[in-house]
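Examination of the molecular architecture
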Amino acid sequence: MTGAVEAAAALVAGAHSVVVFTGAGMSAESGVPTFRDDLTGLWARFDAERLATPEAFHADPDLVWGWYEWRRSRARRAEPNAGHRAVAALEAAVPGTTVVTQNVDDLHERAGSTAPNHLHGSLFAPRCIGAGAHPAVFPDAEEPQEGRRLAPPRCDACGALVRPGVVWFGEALPEEALRAAVAAAASCDVLLTVGTSGVVYPAAEIPRIAARAGAAVVQVNPDPTPLDAVSTLNLRGTAATILPALVPV
Ligand code: APR
């Protein structure tokens, strides 16, 4: 264990309240590509940030729905990694732990995390685009590896198109989720920021709120990010290799 990892483990062991803030890198070792990884198959010629918008959905619902159903079936096939399991173990070891994630997969939950706060929604909470935003339930389908266009289902209650339950670019984050994340960051002793490039706001503000409030910020990322500057410790490595070493025994 390097000196920096040891120092981070000591910070966590001495903390009363910890925030674990995660991004796409948290699920990379589970085989879920990060958001800024190049797209493959049918979507290879598209930019993820252009696809993940209300405009793209309205312009071509079959393309966007197909993409999210492809991502949903991959997330379903993926398994939580040692990093996800370490986060759940940390929650058990330090009762004042809050998990805040930008990820739309359910790997934190499947690893045992009790109530991760999904700032960007979930692949598993589709709803209709009608005024009622009715939750939609429909059978899971295995999507082909290369992806396909797929017509979104219609809402049983109002007949409107069903959309993925994620937050698209240009859309507001769920108010309560954001309020709770800001409150947790402003009052924690230690914030672990794991596998995020720290460039998408307002989520990227969360580690900065903790730093301004005097918390120790520990970054886990194999590469440098703009969060280096606000981090007390920068641990250059992956979620699955480093996080288990931070769980108090
Ligand atoms: N362990 C830890 N970090 C990793 C790993 C790993 N195994 N693999 C990659 N990373 C790091 C990368 O170095 C990068 O800094 O994870 C980060 C992933 O960055 P992005 O793909 O930008 O994902 P994220 O920060 O979660 O994106 C934020 O942007 O597009 C929106 O809604 C989307 O929630 C997403 C948000």
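Up top is the structure these notes are about.
Residues numbered from 1 in each chain as written. Predicted model: local features only at pLDDT ≥ 70, side-chain atom pairs only at ≥ 80, totals over all residues. Heavy atoms only, no water.

Turning our attention to the nonpolar core. Among the nonpolar cores identified, the biggest contains 26 residues, and V18, V190, L192, V194, L235, L243 and L246 are the most heavily contacted of them. Put simply, the parts of the chain that give this core at least two residues each are α1 (3–13), β1 (17–22), α6 (82–93), β6 (190–194), β7 (216–220), β8 (233–235) and α10 (239–242). Counting residues per element, this core draws most heavily on α1, which supplies 4 residues. Setting aside anything within four residues of it in sequence, one finds L243 in contact with M26, G83, A86, V87, L192, V194, V220 and T238. (Core = buried A, V, L, I, M, F, W, Y, C linked by side-chain atoms within 4.5 Å. Buried < 20%, exposed > 50% of the residue type's maximum accessible area, 1.4 Å probe, protein only. Helix = DSSP H or I, 4+ residues; strand = E, 2+ residues; numbered from the N terminus. Contact = heavy atoms within 4.5 Å.)

With the rule as written, the count across this model stands at 0 disulfides. Looking at C158, it has no disulfide partner, and the nearest cysteine sulfur is the one in C128, 3.7 Å off. The exposure class assigned to C158 is partly exposed, which follows from its relative accessible area of 39%. (Disulfide = S-S within 2.5 Å.)

Attention now goes to the packing of aromatic side chains. In this structure the tally under the stated criterion is 4 aromatic pairs. For the pair W67 and Y68, a centre-to-centre distance of 4.9 Å together with 65 degrees between the ring planes defines the contact as edge-to-face. Given a relative accessible area of 3%, Y68 falls into the buried group. On the numbers, 6.2 Å between centres and 55 degrees between planes, the contact of Y68 with W168 is tilted. (Phe/Tyr/Trp six-rings, centres within 6.5 Å; stacked < 30°, edge-to-face > 60°.)

Quick look at the sheet that holds β8 now. Taken together, 6 strands build an open sheet; the order of strands is β3-β2-β1-β6-β7-β8 and the sheet is parallel. Two strands bound the open sheet, and with one partner strand each, they are β3 (117–118) and β8. Strands β6, β7 and β8 of the sheet are contacted by α1, whose axis makes an angle of about 120 degrees with β8. (Pairing = 2+ DSSP bridges. Axes fitted to C-alpha atoms, helices over the stretch in contact; angles between N-to-C directions.)

Most of β7 sits out of view: 5 of its 5 residues are buried. Because side chains alternate across β7, one face comprises the buried residues A216, V218 and V220, and the other comprises V217 and Q219, equally buried. Where β6 lies against β7, 5 bridges are found, and the strand directions are parallel. Counterpart to V194 in the pairing with β7 is V220.

Attention shifts here to the pattern of salt bridges. With the rule as written, the count across this model stands at 13 salt bridges. For R77, the salt bridge identified is with E142, shortest N-O distance 2.7 Å. With R77 in helix α5 (residues 61–77) and E142 in the loop between β4 (127–128) and β5 (162–163), this residue pair connects regions lying 65 residues apart in the sequence. The structure contains a network of salt bridges with shared partners spanning E69, R72, R76, R77, D140 and E142. (Salt bridge = Lys/Arg side-chain N within 4 Å of Asp/Glu carboxyl O.)

On to the packing of helix α8 (residues 175–187) against helix α9 (residues 205–212). Two numbers describe how α8 lies on α9: the axes approach to 7 Å, and their chain directions differ by 30 degrees. The element α8 and its partner α9 pack so that their crossing is right-handed. Between α8, through A181, V182, A185 and A186, and α9, the contact on the second element is made entirely by I206, I209 and A210. The residue makeup of the contact of α8 with α9, split by class, is 7 nonpolar, no polar and no charged. (Left-handed = near helix turned anticlockwise from the far one by under 90°. Nonpolar A, V, L, I, M, F, W, Y, C, P; charged D, E, K, R; others polar.)

In this fold, T22 is placed in strand β1. Every residue in contact with T22, bar those within four places of it in the chain, is listed here: V100, T101, Q102, N103, H108 and V194.

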